[in-house]
Amino acid sequence: MTRTLYSGTKNASSWAFRAWLALKEAGIPFDELVVDIRRPQRFANLARIAGFSPPGAVPVLVDGDTVIYDSLAIMEYANDLCGGNLLPKDVKARARARSLAAWQHAGLSGICSRISFESSFYPDRRPMTDGEISESNRIFSVWEQVLSQSNGPYLVGDLSLADLCFVPTVLRLTSHMPSLEMWPQSQRWAKVLLRRPSVQEWLAEASALPPVALDDYRE
Ligand SMILES: N[C@@H](CCC(=O)N[C@@H](CS)C(=O)NCC(=O)O)C(=O)O
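Residues numbered from 1 in each chain as written. Predicted model: local features only at pLDDT ≥ 70, side-chain atom pairs only at ≥ 80, totals over all residues. Heavy atoms only, no water.

Visitor: Quick one: what's the story with the site of the ligand, residue by residue and with numbers?
Guide: The environment of the ligand is formed by Ser13, Trp15, Ile37, Arg42, Leu46, Ala57, Val58, Pro59, Asp70, Ser71 and His105. Arg42 has a polar side-chain atom sitting 2.7 Å from an oxygen atom of the ligand. Between the ligand and Asp70, the relevant distance is 3.0 Å, taken from a nitrogen atom to a side-chain nitrogen or oxygen of the residue. Here the ligand, which alone exposes 510 Å², has 70% of that area covered by the protein. Within the shell around the ligand, the residues separate by chemical class into six nonpolar, three polar and two charged. (Near = heavy atom within 4 Å. Polar contact = N/O pair within 3.5 Å; in protein donor to acceptor, adjacent residues only side chain to side chain. Areas by Shrake-Rupley, 256 points an atom, 1.4 Å probe, with all protein chains shown as cover. Nonpolar A, V, L, I, M, F, W, Y, C, P; charged D, E, K, R; others polar.)

Visitor: How would you explain the layout of surface pockets if you had to name every residue and give the values?
Guide: Roughly 350 Å³ of volume is contained in the largest pocket. Those elements that provide at least two residues to the lining of the largest pocket are helix H1 (14–25) and helix H2 (42–50). Partitioned by chemical class, the residues of the lining of the largest pocket number nine nonpolar, two polar and four charged. The space that makes up the second largest pocket amounts to roughly 300 Å³. Surrounding the second largest pocket, 18 residues form its lining, Ser14, Trp15, Ser116, Phe117 and Arg172 being those nearest its centre. Sort the elements by how many residues they give to the lining of the second largest pocket and H1 lands first, with three residues. Its residues assigned to classes, the lining of the second largest pocket shows six nonpolar, seven polar and five charged. (1 Å grid on protein atoms, 1.4 Å probe; cavity = no way out; pocket = protein on both sides within 12 Å on 5 of 7 lines; lining within 4 Å. Points joined across faces, edges and corners; volume = space filled by probe spheres on them. Helix = DSSP H or I, 4+ residues; strand = E, 2+ residues; numbered from the N terminus.)

Visitor: Give a detailed account of the packing of aromatic side chains, specifying residues and quantitative values.
Guide: The full count for this structure, using the stated rule, is nine aromatic pairs. Ring centres of Tyr122 and Tyr217 lie 4.9 Å apart, and the angle between their planes is 85°; on these two criteria the pair is classed as edge-to-face. Here Tyr122, found in the loop between helix H4 (91–105) and helix H5 (130–150), pairs with Tyr217, found in the segment after helix H8 (197–207); they are 95 residues apart in sequence, far enough to count as distant. You'll find Tyr122 and Tyr217 in the same group, each marked buried. Among the aromatic residues, ring-to-ring pairing joins Phe17, Trp20, Phe117, Phe121 and Trp202 into one connected group. Above the plane of the ring of Trp15 lies Arg18, whose end atom (NZ or CZ) is 4.4 Å from the centre. When the ring centre of Tyr217 is taken as origin, the NZ or CZ atom of Arg126, which lies over that ring, is 4.9 Å away. (Phe/Tyr/Trp six-rings, centres within 6.5 Å; stacked < 30°, edge-to-face > 60°. Buried < 20%, exposed > 50% of the residue type's maximum accessible area, 1.4 Å probe, protein only. Lys NZ or Arg CZ within 6 Å of the ring centre and 35° of its normal.)

Visitor: Describe in detail the sheet that holds strand S4 (residues 66–69), supporting the description with residues and values.
Guide: The strand order across the open sheet built from four strands is S2-S1-S3-S4, with neighbouring strands paired in mixed fashion. Edge positions in the sheet fall to strand S2 (31–35) and S4, since each of these pairs with one other strand and no more. Strand-to-strand twist in this sheet, taken as the mean axis angle between neighbours without regard to direction, amounts to 20°. Contacts between H1 and the sheet are confined to strand S1 (3–8), S2 and strand S3 (60–63), with S1 contributing the most and set at about 145° to the helix. (Pairing = 2+ DSSP bridges. Axes fitted to C-alpha atoms, helices over the stretch in contact; angles between N-to-C directions. Contact = heavy atoms within 4.5 Å.)

Visitor: Mind laying out the environment of Gly110, listing which residues take part and the relevant values?
Guide: Along the polypeptide, Gly110 turns up in the loop between H4 and H5. When the C-alpha atoms of Gly110 and Glu135 are compared, they prove to be 9.2 Å apart, with 25 residues separating the residues in sequence.

Visitor: Describe the nonpolar core, with residues and values.
Guide: Counting residues in hydrophobic clusters, the biggest one holds 60 residues, and the most contacted among them are Ile139, Trp143, Leu155, Phe166 and Trp189. Those elements giving two or more residues to this core turn out to be H1, helix H3 (71–81), H4, H5, helix H6 (161–174), helix H7 (184–194) and H8. In contact with Phe166, other than residues within four places in its own chain, are Leu100, Trp103, Gln104, Leu108, Ile139, Trp143, Leu155 and Trp189. Counting 10 residues, the second largest nonpolar core, distinct from the first, contains Leu46, Val60, Val62 and Val212. (Core = buried A, V, L, I, M, F, W, Y, C linked by side-chain atoms within 4.5 Å.)

Visitor: Before we move on, can you summarise the side chain of Ser14 with the specific residues and values?
Guide: Note on placement: Ser14 falls in helix H1. Every residue in contact with Ser14, bar those within four places of it in the chain, is listed here: Phe117 and Pro168.

So this is what it looks like as structure tokens:
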């Protein structure tokens, strides 16, 4: 049986990044097929995906006769395949991890919407607006409080799906924030998270690609 992840362009697809990370961190072997979601080939490629996956988006994991679409479903599946190692055993800690993952998955209350995943890779990043700095501080204050409760090193203790869900956001924010000094625990967490070999493997490929320019970045 084959297991194939239809993944996305590495400097543009934050959702694919999350699913890919969970499979890697779970130690699950899989083939990767990068679907180019940049224009102009974007629409034809996504139409092909829609032929076997209802949302017509990436990521999609095809595991034998089972099609798993949506990054969070793939992450949960990766966790199941590795015996639940990517979520805490304690019921309340697991609920906390799932709350964080769900918040991210539901759009993170629109925090810094113009600071896209793509913009993390721009060589000439713009300064954040005052509004973006205060939105970032809000999420850093949440991470700081969660890390104080768990004592780290990851959000709910050991590495979990919650940390992996936030990797693209950590990258977006840390690549733009003037300073993280106000958030020492989050700063440490972000550093450890971004240095994981899985994250570094994806980022090495992402950084080698031509940046994907988005119109609303400098508005
Ligand atoms: N909720 C979905 C979102 C997936 C998603 O939006 N993927 C983007 C690429 S990062 C995509 O394929 N978009 C297709 C489109 O915009 O038509 C998930 O978590 O997998």
